[in-house]
Amino acid sequence: MSGDRVAVVTGASRGAGKGIALALGQPGATVYVTGRTRREGDSPLPGTVFATAEEINRRGGTGIPVVCDHRDDAQVAALFERVGADHGRLDILVNNAFIVPDRLAAKGPFWTKPLALQEMFEVGLRSSYVSSYYGAPLLVRTGGGLLVNTSSFGGTCYMHGPAYGAVKAAVDKMAHDMAVDLKPFDVAAVSIWMGLLRTERTEAALKAFPERYGKLTEMAESPEFTGRVIAALAGHADRMRWSGRVLVGAEVGKDLGVVDVDGTSPTSHRAFLGDPVEFSDSVVD
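Just so it is clear, the model here is predicted, and its values are computed rather than measured. Going along each chain's sequence as written, the residues are numbered from 1 onward. Local features in a predicted model are, by the rule used here, given only for residues with pLDDT of at least 70; side-chain atom pairs are given and counted only at 80 or more, and totals for whole chains, interfaces and linings are based on all residues. Note: side-chain values were computed over all heavy atoms of the structure, leaving out hydrogens and water.

A. Structural detail: the side chain of N96. In this structure, N96 sits in the loop between β4 (92-95) and α4 (119-142). Burial classes: relative accessible area under 20% of the type maximum marks a residue as buried, over 50% as exposed, and values in between as partly exposed (1.4 Å probe, protein chains only). The class for N96 is buried, based on a relative accessible area of 10%. Strands are runs of DSSP state E lasting at least 2 residues, helices are runs of H or I lasting at least 4, and numbering of each runs from the N terminus.

Right, dumping it as C-alpha coordinates:
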(Lines give C-alpha, C1' and ligand atoms only; values in the text may rest on other atoms or scores of the structure.)
Protein backbone atom coordinates (compact mmCIF):
# COMPACT_ATOMS: atom_id res chain seq x y z
CA MET A 1 0.00 0.00 0.00
CA SER A 2 1.29 3.43 -0.87
CA GLY A 3 2.71 5.83 1.70
CA ASP A 4 -0.14 8.29 1.20
CA ARG A 5 -2.68 5.96 2.77
CA VAL A 6 -5.53 7.22 4.95
CA ALA A 7 -6.23 5.41 8.20
CA VAL A 8 -8.63 5.66 11.12
CA VAL A 9 -7.59 4.22 14.48
CA THR A 10 -10.26 4.32 17.18
CA GLY A 11 -9.40 4.51 20.86
CA ALA A 12 -5.93 5.94 20.29
CA SER A 13 -5.38 8.37 23.16
CA ARG A 14 -3.09 5.77 24.72
CA GLY A 15 -2.36 2.06 24.85
CA ALA A 16 -2.66 -0.24 21.86
CA GLY A 17 -4.53 2.35 19.78
CA LYS A 18 -1.82 4.95 20.26
CA GLY A 19 0.90 2.46 19.33
CA ILE A 20 -0.98 1.34 16.23
CA ALA A 21 -1.61 4.92 15.14
CA LEU A 22 2.07 5.81 15.55
CA ALA A 23 3.17 2.78 13.56
CA LEU A 24 0.75 3.61 10.74
CA GLY A 25 1.75 7.27 10.74
CA GLN A 26 4.61 6.87 8.30
CA PRO A 27 5.73 9.80 6.13
CA GLY A 28 2.96 10.64 3.71
CA ALA A 29 0.25 8.81 5.66
CA THR A 30 -2.76 10.49 7.27
CA VAL A 31 -4.06 8.95 10.48
CA TYR A 32 -7.28 10.02 12.16
CA VAL A 33 -6.89 9.42 15.89
CA THR A 34 -10.05 9.08 17.96
CA GLY A 35 -10.60 9.02 21.70
CA ARG A 36 -12.35 10.85 24.52
CA THR A 37 -9.34 12.39 26.26
CA ARG A 38 -8.86 16.05 25.39
CA ARG A 39 -6.43 17.13 28.12
CA GLU A 40 -3.89 15.49 30.37
CA GLY A 41 -5.56 14.81 33.69
CA ASP A 42 -8.95 13.99 32.17
CA SER A 43 -7.97 10.33 32.58
CA PRO A 44 -5.97 8.73 35.39
CA LEU A 45 -3.58 7.48 32.72
CA PRO A 46 -1.42 9.74 30.53
CA GLY A 47 -2.25 10.42 26.90
CA THR A 48 -4.64 12.43 24.73
CA VAL A 49 -5.79 12.27 21.12
CA PHE A 50 -3.88 15.50 20.50
CA ALA A 51 -0.60 14.12 21.91
CA THR A 52 -0.88 11.02 19.71
CA ALA A 53 -1.55 13.14 16.63
CA GLU A 54 1.37 15.42 17.44
CA GLU A 55 3.73 12.46 17.70
CA ILE A 56 2.55 11.22 14.29
CA ASN A 57 3.36 14.66 12.90
CA ARG A 58 6.83 14.54 14.43
CA ARG A 59 7.41 11.22 12.68
CA GLY A 60 6.58 12.65 9.28
CA GLY A 61 2.96 11.62 8.94
CA THR A 62 -0.19 13.67 9.37
CA GLY A 63 -2.04 13.07 12.60
CA ILE A 64 -5.60 14.33 12.87
CA PRO A 65 -7.09 14.24 16.40
CA VAL A 66 -10.83 13.69 16.65
CA VAL A 67 -12.46 13.78 20.06
CA CYS A 68 -15.10 11.09 19.74
CA ASP A 69 -17.17 9.13 22.24
CA HIS A 70 -17.78 5.81 20.52
CA ARG A 71 -20.95 5.30 22.53
CA ASP A 72 -22.50 8.10 20.45
CA ASP A 73 -23.41 6.95 16.94
CA ALA A 74 -23.83 10.52 15.71
CA GLN A 75 -20.25 11.35 16.66
CA VAL A 76 -19.01 8.25 14.87
CA ALA A 77 -21.02 9.08 11.76
CA ALA A 78 -19.56 12.60 11.80
CA LEU A 79 -16.05 11.19 12.02
CA PHE A 80 -16.39 9.22 8.81
CA GLU A 81 -18.26 12.02 7.07
CA ARG A 82 -15.22 14.16 7.80
CA VAL A 83 -12.85 11.53 6.43
CA GLY A 84 -14.96 11.27 3.30
CA ALA A 85 -15.11 15.03 2.86
CA ASP A 86 -11.36 15.44 3.43
CA HIS A 87 -10.10 12.54 1.33
CA GLY A 88 -12.99 10.72 -0.32
CA ARG A 89 -11.38 7.41 0.67
CA LEU A 90 -10.16 5.19 3.48
CA ASP A 91 -7.42 2.56 3.29
CA ILE A 92 -7.23 1.19 6.82
CA LEU A 93 -9.79 1.07 9.63
CA VAL A 94 -8.64 -0.21 13.01
CA ASN A 95 -11.42 -0.84 15.52
CA ASN A 96 -9.64 -0.57 18.85
CA ALA A 97 -11.92 1.59 21.03
CA PHE A 98 -12.48 -0.21 24.32
CA ILE A 99 -13.54 0.60 27.84
CA VAL A 100 -11.84 -1.00 30.84
CA PRO A 101 -14.36 -1.10 33.69
CA ASP A 102 -13.24 -1.01 37.29
CA ARG A 103 -12.44 -4.45 38.71
CA LEU A 104 -12.28 -6.08 35.29
CA ALA A 105 -9.27 -8.11 36.39
CA ALA A 106 -10.51 -8.68 39.95
CA LYS A 107 -10.56 -12.26 41.17
CA GLY A 108 -13.88 -14.00 41.67
CA PRO A 109 -16.95 -15.12 39.69
CA PHE A 110 -18.75 -12.71 37.39
CA TRP A 111 -21.74 -12.17 39.68
CA THR A 112 -19.47 -10.70 42.37
CA LYS A 113 -18.12 -8.08 39.99
CA PRO A 114 -19.91 -4.86 39.01
CA LEU A 115 -22.71 -5.16 36.48
CA ALA A 116 -20.97 -2.24 34.77
CA LEU A 117 -18.65 -4.75 33.09
CA GLN A 118 -21.33 -4.86 30.41
CA GLU A 119 -20.06 -1.44 29.30
CA MET A 120 -17.56 -3.42 27.23
CA PHE A 121 -20.49 -4.56 25.09
CA GLU A 122 -21.05 -0.89 24.24
CA VAL A 123 -17.45 0.27 23.76
CA GLY A 124 -15.55 -2.72 22.48
CA LEU A 125 -18.21 -4.76 20.70
CA ARG A 126 -20.97 -2.47 19.51
CA SER A 127 -18.54 0.37 18.81
CA SER A 128 -16.58 -1.86 16.43
CA TYR A 129 -19.73 -2.63 14.47
CA VAL A 130 -20.81 1.01 14.28
CA SER A 131 -17.39 2.24 13.15
CA SER A 132 -17.29 -0.50 10.52
CA TYR A 133 -20.81 0.39 9.39
CA TYR A 134 -19.84 3.98 8.69
CA GLY A 135 -16.30 3.21 7.53
CA ALA A 136 -17.11 0.38 5.12
CA PRO A 137 -18.52 2.60 2.33
CA LEU A 138 -15.23 4.51 2.25
CA LEU A 139 -13.17 1.31 2.28
CA VAL A 140 -15.30 -0.09 -0.55
CA ARG A 141 -14.97 3.11 -2.54
CA THR A 142 -11.19 2.88 -2.30
CA GLY A 143 -10.76 -0.87 -2.71
CA GLY A 144 -7.62 -2.72 -1.72
CA GLY A 145 -8.02 -1.76 1.92
CA LEU A 146 -7.97 -3.43 5.32
CA LEU A 147 -10.34 -3.54 8.28
CA VAL A 148 -8.89 -4.71 11.59
CA ASN A 149 -10.53 -5.58 14.89
CA THR A 150 -8.04 -5.72 17.73
CA SER A 151 -8.64 -8.69 20.01
CA SER A 152 -6.92 -11.12 22.33
CA PHE A 153 -6.60 -14.73 23.44
CA GLY A 154 -9.60 -13.99 25.65
CA GLY A 155 -11.65 -14.92 22.61
CA THR A 156 -11.12 -18.61 23.42
CA CYS A 157 -9.57 -18.96 26.89
CA TYR A 158 -11.03 -17.76 30.19
CA MET A 159 -9.67 -14.24 30.63
CA HIS A 160 -11.18 -11.71 33.04
CA GLY A 161 -14.53 -13.50 32.99
CA PRO A 162 -17.43 -14.03 30.57
CA ALA A 163 -18.12 -10.39 29.69
CA TYR A 164 -14.59 -9.78 28.41
CA GLY A 165 -14.54 -13.16 26.67
CA ALA A 166 -17.87 -12.51 24.96
CA VAL A 167 -16.60 -9.22 23.52
CA LYS A 168 -13.39 -10.72 22.16
CA ALA A 169 -15.11 -13.79 20.71
CA ALA A 170 -17.72 -11.54 19.08
CA VAL A 171 -15.30 -9.13 17.41
CA ASP A 172 -13.40 -12.14 16.05
CA LYS A 173 -16.55 -13.53 14.44
CA MET A 174 -17.55 -10.06 13.29
CA ALA A 175 -14.29 -9.69 11.35
CA HIS A 176 -14.87 -13.06 9.69
CA ASP A 177 -18.39 -12.18 8.58
CA MET A 178 -17.43 -8.68 7.47
CA ALA A 179 -14.75 -10.27 5.31
CA VAL A 180 -17.46 -12.14 3.41
CA ASP A 181 -19.29 -8.90 2.61
CA LEU A 182 -16.09 -6.99 1.79
CA LYS A 183 -14.44 -9.63 -0.41
CA PRO A 184 -16.11 -8.56 -3.71
CA PHE A 185 -14.61 -5.10 -3.19
CA ASP A 186 -11.05 -6.34 -2.57
CA VAL A 187 -11.15 -5.23 1.07
CA ALA A 188 -9.72 -7.58 3.68
CA ALA A 189 -10.99 -7.93 7.25
CA VAL A 190 -9.13 -9.63 10.09
CA SER A 191 -9.09 -9.85 13.85
CA ILE A 192 -5.65 -9.64 15.45
CA TRP A 193 -4.85 -11.16 18.82
CA MET A 194 -2.36 -8.98 20.62
CA GLY A 195 -0.05 -10.23 23.34
CA LEU A 196 0.71 -8.57 26.65
CA LEU A 197 1.42 -4.94 25.78
CA ARG A 198 3.68 -2.47 27.53
CA THR A 199 0.94 0.15 27.73
CA GLU A 200 0.57 2.97 30.25
CA ARG A 201 -1.87 0.78 32.20
CA THR A 202 0.50 -2.19 32.22
CA GLU A 203 3.46 -0.07 33.24
CA ALA A 204 1.44 1.34 36.14
CA ALA A 205 0.56 -2.18 37.31
CA LEU A 206 4.18 -3.30 37.03
CA LYS A 207 5.30 -0.33 39.07
CA ALA A 208 2.66 -0.90 41.75
CA PHE A 209 3.11 -4.68 42.01
CA PRO A 210 6.61 -5.56 40.75
CA GLU A 211 6.68 -8.84 42.69
CA ARG A 212 3.44 -9.97 41.04
CA TYR A 213 3.93 -8.81 37.47
CA GLY A 214 7.67 -8.23 37.09
CA LYS A 215 8.40 -11.44 35.19
CA LEU A 216 5.73 -10.62 32.61
CA THR A 217 7.82 -7.79 31.18
CA GLU A 218 10.01 -10.36 29.47
CA MET A 219 7.14 -11.48 27.24
CA ALA A 220 5.52 -8.08 26.69
CA GLU A 221 5.49 -6.38 23.30
CA SER A 222 5.31 -2.68 22.55
CA PRO A 223 1.97 -1.14 21.55
CA GLU A 224 3.55 -0.26 18.21
CA PHE A 225 4.20 -3.86 17.24
CA THR A 226 0.59 -4.55 16.27
CA GLY A 227 0.61 -1.38 14.17
CA ARG A 228 3.70 -2.60 12.34
CA VAL A 229 1.95 -5.90 11.64
CA ILE A 230 -1.13 -4.07 10.35
CA ALA A 231 1.01 -1.89 8.09
CA ALA A 232 2.72 -4.98 6.68
CA LEU A 233 -0.61 -6.73 6.07
CA ALA A 234 -2.10 -3.65 4.42
CA GLY A 235 0.84 -3.37 2.06
CA HIS A 236 1.10 -7.06 1.19
CA ALA A 237 0.30 -7.97 -2.40
CA ASP A 238 -1.53 -11.13 -1.27
CA ARG A 239 -3.22 -9.68 1.83
CA MET A 240 -6.61 -11.20 0.92
CA ARG A 241 -5.34 -14.65 1.87
CA TRP A 242 -5.54 -13.57 5.52
CA SER A 243 -9.01 -12.08 5.19
CA GLY A 244 -11.69 -13.53 7.46
CA ARG A 245 -9.19 -15.06 9.85
CA VAL A 246 -8.31 -14.59 13.50
CA LEU A 247 -4.58 -13.91 13.52
CA VAL A 248 -2.01 -14.06 16.28
CA GLY A 249 -0.04 -10.85 15.84
CA ALA A 250 3.27 -12.37 16.92
CA GLU A 251 2.92 -15.19 14.39
CA VAL A 252 1.97 -12.95 11.46
CA GLY A 253 4.79 -10.61 12.40
CA LYS A 254 7.27 -13.47 12.21
CA ASP A 255 5.86 -14.60 8.84
CA LEU A 256 6.17 -11.09 7.42
CA GLY A 257 9.53 -10.26 8.97
CA VAL A 258 8.08 -7.63 11.29
CA VAL A 259 10.02 -6.89 14.46
CA ASP A 260 9.21 -4.80 17.50
CA VAL A 261 10.65 -1.35 18.17
CA ASP A 262 13.59 -2.90 20.00
CA GLY A 263 14.38 -5.29 17.15
CA THR A 264 12.99 -8.39 18.89
CA SER A 265 10.33 -10.79 17.65
CA PRO A 266 7.49 -11.18 20.17
CA THR A 267 6.56 -14.72 21.15
CA SER A 268 3.14 -16.19 20.44
CA HIS A 269 1.14 -17.21 23.52
CA ARG A 270 -0.70 -19.94 21.59
CA ALA A 271 1.08 -22.76 23.44
CA PHE A 272 -0.46 -21.92 26.80
CA LEU A 273 -3.49 -19.76 25.96
CA GLY A 274 -4.94 -21.69 23.01
CA ASP A 275 -5.52 -21.64 19.27
CA PRO A 276 -7.48 -19.04 17.31
CA VAL A 277 -10.94 -20.04 16.15
CA GLU A 278 -11.31 -21.33 12.60
CA PHE A 279 -14.72 -20.46 11.22
CA SER A 280 -16.76 -22.34 8.64
CA ASP A 281 -16.48 -21.33 4.99
CA SER A 282 -20.21 -21.83 4.54
CA VAL A 283 -22.26 -18.76 3.61
CA VAL A 284 -25.98 -18.60 4.26
CA ASP A 285 -27.57 -15.45 2.82
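B. Looking closely at the nonpolar core. Definition used in this section: a nonpolar core is a set of buried Ala, Val, Leu, Ile, Met, Phe, Trp, Tyr and Cys residues joined via side-chain atoms within 4.5 Å. Grouped together as the largest cluster of nonpolar side chains are 28 residues, with contacts concentrated most on V9, L24, V31, V94, L146, I230 and L233. Elements with a minimum of two residues in this core: β1 (6-9), α1 (15-24), β2 (30-35), α2 (49-58), β4, β5 (146-151), β6 (188-193) and α8 (223-234). Top element by residues in this core is α8. It accounts for six residues. Working rule for contacts: check all heavy atoms of both residues, and any pair within 4.5 Å makes them a contact. Apart from residues lying up to four places away in sequence, L233 is in contact with L146, I192, R239, W242, L247, V252 and L256. L79, F80, L90 and A179 belong to the second-largest nonpolar core, a separate cluster that totals 22 residues.

C. Expanded view of the pairing of strand β3 (residues 62-67). Where β2 and β3 come together, six bridges link them in parallel fashion. Across the sheet, residue V31 finds its bridge partner in β3, namely G63. By convention a crossover is right-handed if, when the strands point away from the viewer, the path from the first strand over the helix to the second runs clockwise. After leaving β2, the chain enters α2 and then returns to the sheet as β3, a path that is right-handed. For two strands to count as paired, DSSP must find a minimum of two bridges between them.

D. Spotlight on the sheet that holds β3. Within the open sheet, the seven strands sit side by side as β3-β2-β1-β4-β5-β6-β7. Their pairing is parallel. At either end of the open sheet lies a strand with only one pairing partner, and these are β3 and β7 (246-248). Sheet twist, expressed as the mean angle between neighbouring strand axes with direction ignored, is 20°. In the sheet, β6 pairs with β7 via three bridges, with the strands oriented parallel. Bridging from a neighbouring strand, I192 pairs with L247 of β7. Convention adopted: a line fitted to C-alpha atoms gives each axis, helices being fitted over their contacting stretch, and angles between N-to-C directions are expressed from 0 to 180 degrees. Relative to the sheet, α4 contacts β4 and β5, its axis offset from that of β4 by approximately 180°. Against the sheet, helix α9 (residues 249-256) engages β6 and β7, with an angle of about 75° to β7.

E. Structural view of the side chain of S132. Structurally, S132 is set in helix α4. Judged by relative accessible area, S132 falls into the buried class, the value being 4%. At a separation of 2.9 Å, a polar atom in the side chain of S132 contacts the side chain of N95. Residues within four places of S132 in sequence aside, it is in contact with L93, N95, L147 and M178. For this analysis, a polar contact is any N or O atom pair within 3.5 Å, provided that within protein one partner can donate a hydrogen and the other can accept it, and provided that sequence-adjacent residues contribute only side-chain to side-chain pairs.

F. Up close: the packing of helix α3 (residues 73-87) against α4. Between α3 and α4, the shortest axis-to-axis distance is 9 Å and the interhelical angle comes to 25°. In terms of axis orientation, α3 runs roughly parallel to α4. Crossing angle aside, the handedness with which α3 passes α4 is right-handed. Taken together, the residues of α4 that come into contact with α3 (itself represented by D73, V76, A77, F80, V83 and G84) are R126, V130, S131, Y134, G135 and L138. A class-by-class count of the residues in the contact of α3 with α4 yields seven nonpolar, three polar and two charged. In this scheme, roughly parallel covers angles under 35 degrees and roughly antiparallel covers those over 145, while 65 to 115 is roughly perpendicular and the rest are oblique. Handedness of a crossing follows from how the near helix is turned relative to the far one, being left-handed for an anticlockwise turn of less than a right angle and right-handed for a clockwise one. Classification convention: Asp, Glu, Lys, Arg as charged; Ala, Val, Leu, Ile, Met, Phe, Trp, Tyr, Cys, Pro as nonpolar; all other residues, Gly among them, as polar.

On their own, these measurements won't tell you what the molecule is for.
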